[in-house]
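Examining the three-dimensional arrangement
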Amino acid sequence: MKKLIILLISAILLLSSCTSHPIEPEHDLEFWIGENVDGFDFSNHQPKYGIMGGWEYYGIGYAPTLGEDGQQIDPEHCVIYTVTNYPDYSSNSRHVTRIEITDPAVRVYGLSISSSAEEIKSIMTSEGFTVTESGTAVRAERENFRFTFSKDKITISAEVTNHLGIVY
């Protein structure tokens, strides 16, 4: 029975490892969602502290300030990349699984935080995403990827599975 369970988990992980990332559009980012960063040297990127189960880095050219308590304070405009094991937390490869954009100069699919809800819905629908609007946010989803556009940030995320129930 144990061998069967291990075999099933292995098959699930193998199938989930076939997941890539959405077709990469023209954008102003250093990395794309789902991009494999195994072996990438992040020494030129300022790390962001406080995440459990992964690593966060500010994009090149962005750096936090330190508050009186020594805690990092994000710059008003920045890009932050989250790197975790992917497609499952037990996987051996590291990928970009979240991107947070607060810089209005950064564009993805030709959209920025300054784009209107109508423009976002139109473009993301034409790109094959299922689009919903909730309050002041527009969400676009396709496969296991989600884009959330709000007035002050764009968050792009990849769903990471946790088949083994890893607790950080």
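The structure this text deals with has already been given above.
Computed from a predicted structure; not experimentally measured. (Residues numbered from 1 in each chain as written. Predicted model: local features only at pLDDT ≥ 70, side-chain atom pairs only at ≥ 80, totals over all residues. Heavy atoms only, no water.)

In this section: the packing of aromatic side chains. By the definition in use, this model includes 10 aromatic pairs. The interplanar angle of 70 degrees and the centroid separation of 6.2 Å between the aromatic rings of Trp32 and Tyr109 together place this pair among those described as edge-to-face. Of the two residues, Trp32 sits in the loop between helix 1 (2–16) and strand 1 (47–48) while Tyr109 sits in the loop between strand 6 (94–101) and helix 2 (117–126), which places them 77 residues apart along the sequence. Relative accessible area serves as the criterion here: at 0%, Trp32 is assigned to the buried category. When its relative accessible area of 9% is taken as the criterion, Tyr109 is described as buried. Among the aromatic residues, those joined into a cluster by ring pairs are Phe31, Phe40, Phe42, Tyr57 and Tyr81. The residue whose ring lies beneath Arg94 is Trp55, and the NZ or CZ to ring-centre distance is 4.5 Å. (Phe/Tyr/Trp six-rings, centres within 6.5 Å; stacked < 30°, edge-to-face > 60°. Helix = DSSP H or I, 4+ residues; strand = E, 2+ residues; numbered from the N terminus. Buried < 20%, exposed > 50% of the residue type's maximum accessible area, 1.4 Å probe, protein only. Lys NZ or Arg CZ within 6 Å of the ring centre and 35° of its normal.)

Glancing now at a nonpolar patch on the surface. On the surface, Met52, Leu164, Ile166 and Tyr168 cluster together into a nonpolar patch covering about 410 Å² of accessible area. Residue position: Leu164 is located in the segment after strand 10 (154–158). Given a relative accessible area of 46%, Leu164 falls into the partly exposed group. (Patch = residues over 30% accessible without salt bridge, like charges linked within 9 Å, V, L, I, M, F, W, Y side chains within 5 Å. Areas by Shrake-Rupley, 256 points an atom, 1.4 Å probe, with all protein chains shown as cover. Salt bridge = Lys/Arg side-chain N within 4 Å of Asp/Glu carboxyl O.)

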